[in-house]
Amino acid sequence: MKPSNLIATLNERIAAFRADTEGRGETFYQGPSRINLAGFPPKEHWDDWIALEPIKGTGRRREKHYMLVPTTCFNCQSSCGLLAYVDRETMEVRKFEGNPEHAASRGRNCAKGPATLNQITDPDRILYPMQRVGERGEGRWKRISWDEALDQLATRIRAAIVEDRKKEVMYHVGREGEDGFTESIFQAWGMDSINTHTNICSAAGRTGHQYWMGFDRPSNDFANAEVILLTSAHLESGHYFNPHAQRIIEAKKRGARLIVVDVRMSNSSTHADHWVSPYPGSEAAIFLSIARHLIETKTYNRDFVARWWNWREFMAAQYPDDADTFEAFEARLAETYAGYTFEYAAAEARIDVRQLAAVAETVAGAGTKLCTQNWRSAAAGNLGGWQVPRTLFMLNALMGAVATEGGMAPNAWNKFIPKNPMKTEHPDWWNDLTFPGEFPLSVNEMSFLLPHFLKQGRGKLDTYFTRVYNPVWTNPGGFDWVEVLSDESKVGLHAALTPTWNETAHFADLVLPMGHASERHDLVSMETHDGRWISFRQPVARAARVRLGETINDTRETNPGEVWEENEFWFDLTWRIDPDGSLGIRQHVASKTDPERPMTQDEYYAWIFENSVPGLPEAAEAEGLSPLAYMRRYGNFQVGLGSAMHYEDEITGNALGEAHTDDRGRVFTTSAVDFGNGPTPEADPEGRLPVGVELDGAVRRGFPTPSGRLEFYSATLAAWGWPEYALPTYIKSHIHADHLAADQMPLVPTFRLPTQIHTRGANSKWLDELAHNNPVWMNPEDGQRLNVADGDLIRVHADLGYFVGQAWITPGIRPGVIACSHHMGRWQFTPGGNREQRTMETDIARAGDDWTLTPVADHSPMAPQEGKDAARVWWTAVGVHQNLTFGVHPDPISGQHCWHQGVRVTKAEVGDQPGQVYVDRSKSTDVFNEWMGRTRPAATVSPDGNRRPRWMLRPMKPRGDAYKLPKGSG
């Protein structure tokens, strides 16, 4: 393009922006983000975007022509939009920036999004299917074909199905990154075999919300809040970090008040109007003292509480002789929480009572624009931590800030999951390796207990998949995982679906290379704000070549090496499991136009976009595109705006002519009813479905809880063996001072870094440069008491042994508590099979139950033999793998692993090295048995002969009699 033409083009674009924003004083992008991002290329020019780039050593610039292809980030749960800049000359991806068409991330990304480029260009990534040679864990591999790998897997899985050994097949996933595809595959196989990482992550956060409203996640309208109360460093590294952070800061700019409850001085704390640094585990006491203040001062929303709390059920159960009036309930409510004074909570939290009173006054002034958040953090750290979000949500429930502008809504009202064409059914059997009888109320699978169950002889695994999951490194007690994964009598074949080497893949039989964010298809939607959207992750190189007119039949044609994507992999594997259709499986993945072959990705997603996404076909038609072409072009579609108070929706129609209303106002019907978004309530013993609640002479949708209302009182907890926790209350954590020895202190090992990706950052040089060590945070008072100076090596003695870390003396952590982030301490064996940038060469030795992990060289990462960035690795620290020293701490109700540790800190001894770990494996069994002793199994507490309350959420929820306890188990 001549300079004159270039100038004309630029002037044309500038004029378009000005036309759109005339009179506004700002320049906004012309897309759903409507954000002040004038520098983003207009979508009309995404086929050929011209950028001027410097010519090295000349001082001149040249034009580069790019095709801009949208996809979705896969480096955390937020699923922000990405735009890949594809060089039209070489068809290589040169960089990733934000996608301004994405309604949640609005063109913005954190460091993890652009770092996707490091992942796809990583010289150490796995490019071909690999099979173990020699003993498992020996580190020797050979390259095989995809056909060989698929045939091995299909043969084993088909045999397990035919021989009724379905329990022996397990898919263990960490970050799903998609909504429902793989679950449908396993349902097609008839499997209840999906295991997730949730109970080491967010199970307690989910539990606290589920008992209140039937939904297990909140959706936060931070943008319109007047008061924002965050538990943990949510603003910088929370569940939906980037979409939430930008809205929180925008709210701050217009005057919203920010309260941060976090033991550390995080980046989030520096933005707070009130930073509360409590003793870990005391958070529920803090929130209940605020609730007491609202009740005592009558600054709560009486109309909302009277209308939508299940207060009558509470009074009937606990005060049956009292008058059936709201005033009588109010008196009992005040009486129940009278003991949670500011003085009591401040003493438990070890904070200034005046600060707590000021926070309570701030909350009291929020009205219905109170937005709160706890997901992991305190909930995940503590025994009874699920009461932290439960007591926090109580503040919203008192203020009526539920599904209001600036409040907090159930997640399903701001999340959109479309139906897919596979049309599968839930399984008809129960997998007690994932949902064991000891945990009838656990929100998700008890995945981190799997090695203990296998060693107890509760079952074995014939075929075990791990995907975006590294249990050897991520879970507590990693040496238990090493032991089990090394034993072929317990795990027959382990297939690691991963694009990079990790500690768990080292113990696999098959390592199968799967695509990164720009090399795969997925659909994802998250409850990031008050609005609904769906995002399309797509293989960028494939989409770019199709846009140029090529026909691509398989993603391997455009990915590096033989890297595949899971969707095509699962379709192919399913076809091989049932090649003749005799098992009734292959029909679910068969093409609708040619049943003799599997569906293609174009067929699969075209069906969804044409049939399951409201408004998308019309939006696509308006631009002369098919729905699939529209999503490939823009990558995101905004399904709706605003959650509204769906619990107030009036239910009408013929079904109500058959309705039955019980004495609590719960309305049931025998006819099919559209329950809208969210979980469908379970039928009663007569088979009638709860359709709503009767209010003001009308039937309102309500909530998918047994009462149909917000459940201040949980009849479920009372009936299933935990009556003492039927109300929101404070449970003293296992690391409460009452439970620790005089020389112990709490270790907080859960906090995240905003520039790292759990275990998947080892192959991202840019992110590693930003954060590559995890020193132990220690207050100067504790440093002086322990005679530890900044930079000293220390031993931190936890449940099973000790790890050697480096002390960071800082006033950013409260006295009496230490903290150590995760992400770090990645290791590989010697001799190293891979050359990852942020791992340490390690020797693992075992003498009976004594295990040691010892660095055998300095902590310098293994520099790859190729790649420009490898030459720029200047750092030597890689941190310590602290999780190896932790025993399993399953909360008996939520099932959440309680991460906080009671530890002793001593100075390192002669010969200790950073990253060194010692574990007495026998203690792992002792800790497991101790915590299992806290449970109340279904066989002893079930009020109805079921394994679990039927109304509660459960992934892969079985059908029929699968819920019934086995005969003789009571």
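Note that this is a predicted model, so its numbers are computed, not measured.

**Some points on the packing of helix 20 (residues 566-577) against helix 21 (residues 601-611)**
Okay, so step 1: It is the contact of helix 20 with helix 21, at a shortest axis distance of 10 Å, that shows an interaxial angle of 105 degrees. The angle between the axes of helix 20 and helix 21 places the two elements in the roughly perpendicular class. Along its contact with helix 20, which presents Asn-567, Glu-568 and Phe-571, the element helix 21 presents Gln-601, Tyr-604 and Tyr-605.
Okay, so step 2: Looking at the contact of helix 20 with helix 21, its residues break down into three nonpolar, two polar and one charged.

**A look at helix 21**
Okay, so step 1: Taken together, the buried positions of helix 21 are occupied by Gln-601, Glu-603, Tyr-604, Tyr-605, Ala-606, Ile-608 and Phe-609.
Okay, so step 2: Elements in contact with the buried residues of helix 21: helix 4 (181-188), strand 18 (522-524), strand 19 (531-537), helix 20, helix 22 (616-622) and helix 23 (627-634).

**Description of the side chain of Arg-666**
Okay, so step 1: Within the secondary structure, Arg-666 sits in strand 22 (residues 666-669).
Okay, so step 2: Looking at Arg-666, its side chain comes within polar contact range of the main-chain oxygen of Thr-705, at 3.0 Å.
Okay, so step 3: The residues touching Arg-666, leaving out its near neighbours within four places in the chain, are His-660, Thr-661, Pro-681, Pro-690, Val-691, Gly-692, Val-693, Phe-703, Thr-705, Pro-706, Ser-707 and Gly-708.

**What about the pairing of strand 31 (residues 840-847)?**
Okay, so step 1: Strand direction decides the pairing type here: strand 30 (residues 827-829) and strand 31, joined by three bridges, are parallel. What sits directly across from Phe-829, in strand 31, is Thr-842.
Okay, so step 2: Sheet topology note: the strand 31/strand 32 (residues 850-855) ladder contains six bridges and is antiparallel. Within the sheet, the bridge partner assigned to Arg-846 lies in strand 32 and is Trp-851.
Okay, so step 3: Hairpin geometry of strand 31 and strand 32 is characterised by an intervening segment of two residues between the two adjacent antiparallel strands and by a positive phi of about 65 degrees at Gly-848.

**Concerning the state of the cysteines**
Okay, so step 1: Enumeration over the complete set of coordinates arrives at zero disulfides.
Okay, so step 2: Between Cys-80, a cysteine without a disulfide, and Cys-76, which holds the nearest cysteine sulfur, the sulfur-to-sulfur distance is 6.0 Å.
Okay, so step 3: The structure places no disulfide on Cys-820, whose sulfur is separated from the nearest cysteine sulfur, that of Cys-201, by 18 Å.

**Quick word on the sheet that holds strand 13 (residues 370-373)**
Okay, so step 1: The sheet built from four strands is open, its strands ordered 12-11-10-13 with parallel pairing. The open sheet is flanked by strand 12 (274-276) and strand 13, the only strands paired with a single partner. Neighbouring strand axes in the sheet, compared pairwise and without regard to direction, differ in orientation by 10 degrees on average.
Okay, so step 2: Both strand 10 (residues 227-231) and strand 13 contribute to a ladder of four bridges, which runs parallel. Bridge pairing links Leu-229 to Thr-372 in strand 13.
Okay, so step 3: In the packing of helix 7 (residues 241-253) onto the sheet, contacts are made with strand 10, strand 11 (257-261) and strand 13, and the angle to strand 10 comes to roughly 140 degrees.

**A look at the sheet that holds strand 18**
Consider a sheet: its strands pair through backbone hydrogen bonds, and that pairing is either parallel or antiparallel.
Okay, so step 1: The antiparallel open sheet is built from three strands, whose spatial order is 18-19-20. Across the chains shown, the open sheet's two edge strands, defined by having one partner strand only, are strand 18 and strand 20 (636-641). Here the average twist between neighbouring strands, direction ignored, is 15 degrees.
Okay, so step 2: Pairing geometry for strand 18 and strand 19, over three bridges, is antiparallel. Its bridge partner being in strand 19, Val-524 is matched across the sheet by Ser-535.
Okay, so step 3: Docked against the sheet, helix 21 engages strand 18 and strand 19, running at close to 30 degrees with respect to strand 18.

Each value, and the rule that gives it
- Residues numbered from 1 in each chain as written.
- Predicted model: local features only at pLDDT ≥ 70, side-chain atom pairs only at ≥ 80, totals over all residues.
- Heavy atoms only, no water.
- Axes fitted to C-alpha atoms, helices over the stretch in contact; angles between N-to-C directions.
- Helix = DSSP H or I, 4+ residues; strand = E, 2+ residues; numbered from the N terminus.
- Parallel < 35°, antiparallel > 145°, perpendicular 65-115°, else oblique.
- Contact = heavy atoms within 4.5 Å.
- Nonpolar A, V, L, I, M, F, W, Y, C, P; charged D, E, K, R; others polar.
- Buried < 20%, exposed > 50% of the residue type's maximum accessible area, 1.4 Å probe, protein only.
- Polar contact = N/O pair within 3.5 Å; in protein donor to acceptor, adjacent residues only side chain to side chain.
- Pairing = 2+ DSSP bridges.
- Disulfide = S-S within 2.5 Å.

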